[in-house]
Amino acid sequence: MNAQLATDAATMSPLALFLQADIVVKIVMVGLLAASVWTWGIIIGHGARLKSIARKSAKFERDFWAAEDIDNFYTANRNSELPSAKVLGAGVTEWRRSTSGKKIDREGTRERLTTTMGAAIAAEIDKLADRLNILATIGSVGPFVGLFGTVWGIMRSFTSIAAQQNTSLGVVAPGIAEALFATALGLFAAIPSVIAYNRLSHSINKLEARLHRFADGFHATLSRELESE
């Protein structure tokens with residue numbers, strides 16, 4: 001009896017279920033495992049990147065507001081790839097263009113500064129959110145792919161029952177186990193994707209709000225400078 005139980009346990013192990021599965025179910029399982037690995041790669045890489053950007057952006061903004069000369073600060077940081085530096089660069093570039101002539105259009109300059117820095121923020125957020133659509137896709141499609149494997153496996157089980165004309169648990173169980181294993185893999189890929197998508201989206205939204213606050217503060221500084229022109 002113990003030997004039989006050990007054999008059954010080995011037969012129902014994840015590796016055995018994969019090896020015994022139909023080719024279609026195997027393809028589904030491999031696809032879901034690949035999606036899961038891809039998901040975790042994005043979660044780890046993107047999460048670490050966003051944390052690093054948030055930390056460096058906070059320091060960048062502190063140094064900016066503590067700087068005595070905006071032009072010198074911009075010159076020293078013009079090659080920075082931080083989103084805050086890109087917004088600063090867009091603002092400084094537009095400021096120089098709008099105030100280079102003899103006659104300055106104050107209201108037009110303010111509007112152009114708002115538009116230019118807003119466009120820079122949008123561009124940086126688009127870059128940061130580039131791979132979130134992959135997480136959203138895996139999170140929404142993964143369970144249905146697993147369900148497809150489940151349906152196919154159950155159909156195969158019924159085919160075995162019809163062929164052997166035997167409804168015993170030993171005939172039905174392997175096919176059903178394979179089918180349910182495909183569902184489990186679908187959920188294994190989808191659940192982390194959905195959680196990570198929400199968390200990373202929240203982090204990007206916080207960073208976007210931070211960039212808007214920085215742009216608004218810089219815009220106010222330049223507006224005060226316009227009054228003295």
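Residues numbered from 1 in each chain as written. Predicted model: local features only at pLDDT ≥ 70, side-chain atom pairs only at ≥ 80, totals over all residues. Heavy atoms only, no water.

A. Representation of the overall build of the protein within the structure. A tally of helices and strands in the protein yields 8 helices and 0 strands. Starting at the N terminus and walking to the C terminus, you meet the elements of the protein as α-α-α-α-α-α-α-α. Per-residue burial over the protein gives 40% buried out of 229 residues. Of the contacts formed within the protein by residues at least 6 apart in sequence, a portion of 79% connects residues at least 24 apart. By element, 61% of the accessible surface of the protein is carried by carbon and sulfur atoms, the whole surface being about 13400 Å². (Helix = DSSP H or I, 4+ residues; strand = E, 2+ residues; numbered from the N terminus. Buried < 20%, exposed > 50% of the residue type's maximum accessible area, 1.4 Å probe, protein only. Contact = heavy atoms within 4.5 Å. Areas by Shrake-Rupley, 256 points an atom, 1.4 Å probe, with all protein chains shown as cover.)

B. View of the UniProt feature "transmembrane region" (unreviewed entry) in the protein. Listed under "transmembrane region" (unreviewed entry) in the UniProt record, and renumbered for this structure, are residues 23–45, 134–155 and 175–197. Helix makes up 100% of residues 23–45 and strand makes up 0%, while its end C-alpha atoms are separated by 33 Å. In this annotation, residues 134–155 is assigned 100% helix and 0% strand; the end-to-end C-alpha distance for the span is 31 Å. (UniProt positions renumbered as here; feature names shortened; annotations may be inferred.)

C. Up close: a nonpolar patch on the surface. Together, Phe-144, Leu-147, Phe-148, Val-151, Trp-152 and Met-155 make up a nonpolar patch on the protein surface, roughly 610 Å² of accessible area in all. Positionally, Trp-152 belongs in helix H7 (residues 132–164). (Patch = residues over 30% accessible without salt bridge, like charges linked within 9 Å, V, L, I, M, F, W, Y side chains within 5 Å. Salt bridge = Lys/Arg side-chain N within 4 Å of Asp/Glu carboxyl O.)

D. A look at the environment of Leu-147. You can see Leu-147 is positioned in helix H7. Judged by its relative accessible area of 43%, Leu-147 is partly exposed. Considered as a pair, Leu-147 and Leu-187 are 40 residues apart in the sequence and their alpha carbons are 9.6 Å apart.

E. Broad picture of the nonpolar core. In this structure, Phe-60, Val-87, Leu-88, Leu-128, Leu-135 and Phe-218 are the most contacted members of the largest nonpolar core, which totals 38 residues. In terms of residue count, helix H8 (residues 169–227) provides more of this core than any other element does, 11 residues in total. Ignoring anything within four residues of it in the chain, the contact list for Leu-128 reads His-46, Arg-49, Leu-50, Ile-53, Pro-83, Ile-204 and Leu-207. (Core = buried A, V, L, I, M, F, W, Y, C linked by side-chain atoms within 4.5 Å.)

F. Highlighting the packing of aromatic side chains. Counting across every chain of the model gives 9 aromatic pairs. Here Phe-64 and Phe-73 contribute two aromatic rings whose centre-to-centre distance is 5.6 Å and whose plane-to-plane angle is 70°, an arrangement assigned as edge-to-face. Between Phe-148 and Trp-152 the ring centres are 6.1 Å apart and the planes differ by 40°, which places this aromatic pair in the tilted class. Here Phe-148 and its partner Trp-152 are both found in helix H7, 4 residues apart, which amounts to about one turn of the helix. Members of the aromatic cluster, connected to one another through ring pairs, are Phe-60, Phe-64, Trp-65, Phe-73, Phe-214 and Phe-218. (Phe/Tyr/Trp six-rings, centres within 6.5 Å; stacked < 30°, edge-to-face > 60°.)

G. Summary view of the packing of helix H5 (residues 83–98) against helix H6 (residues 106–128). Axis separation between H5 and H6 bottoms out at 9 Å; the angle between their running directions is 155°. The orientation of H5 relative to H6 falls into the category roughly antiparallel. Handedness of the H5/H6 crossing: right-handed. Here Pro-83, Lys-86, Val-87, Ala-90, Gly-91, Glu-94, Trp-95 and Ser-98 of H5 come into contact with H6, specifically with Thr-109, Arg-112, Leu-113, Thr-116, Met-117, Ala-120, Ile-121, Glu-124 and Leu-128. (Axes fitted to C-alpha atoms, helices over the stretch in contact; angles between N-to-C directions. Parallel < 35°, antiparallel > 145°, perpendicular 65-115°, else oblique. Left-handed = near helix turned anticlockwise from the far one by under 90°.)

H. Examining the pattern of salt bridges more closely. Within this structure, the stated rule accounts for 7 salt bridges. Residue Arg-96 pairs with Asp-71 through a salt bridge whose shortest N-O separation is 3.4 Å. Taken as a pair, Arg-96 in helix H5 and Asp-71 in helix H4 (residues 70–77) lie far apart in primary sequence, 25 residues in all. A salt bridge links Lys-86 to Glu-81; the shortest N-O distance between them is 3.5 Å. Overall, the relative accessible area of 59% leaves Glu-81 in the exposed class.

I. Looking closely at the environment of Asp-105. Here Asp-105 lies in the loop between H5 and H6. It is 9.4 Å that separates the C-alpha atoms of Asp-105 and Leu-226, two residues lying 121 residues apart in sequence. Looking at Asp-105, its side chain comes within polar contact range of the main-chain nitrogen of Gly-108, at 3.2 Å. (Polar contact = N/O pair within 3.5 Å; in protein donor to acceptor, adjacent residues only side chain to side chain.)

J. Seen up close, the side chain of Ser-201. Relative to the helices and strands, Ser-201 is located in helix H8. Judged by its relative accessible area of 15%, Ser-201 is buried. Apart from residues no more than four positions distant in its own chain, Ser-201 is found in contact with Leu-132 and Ala-196.

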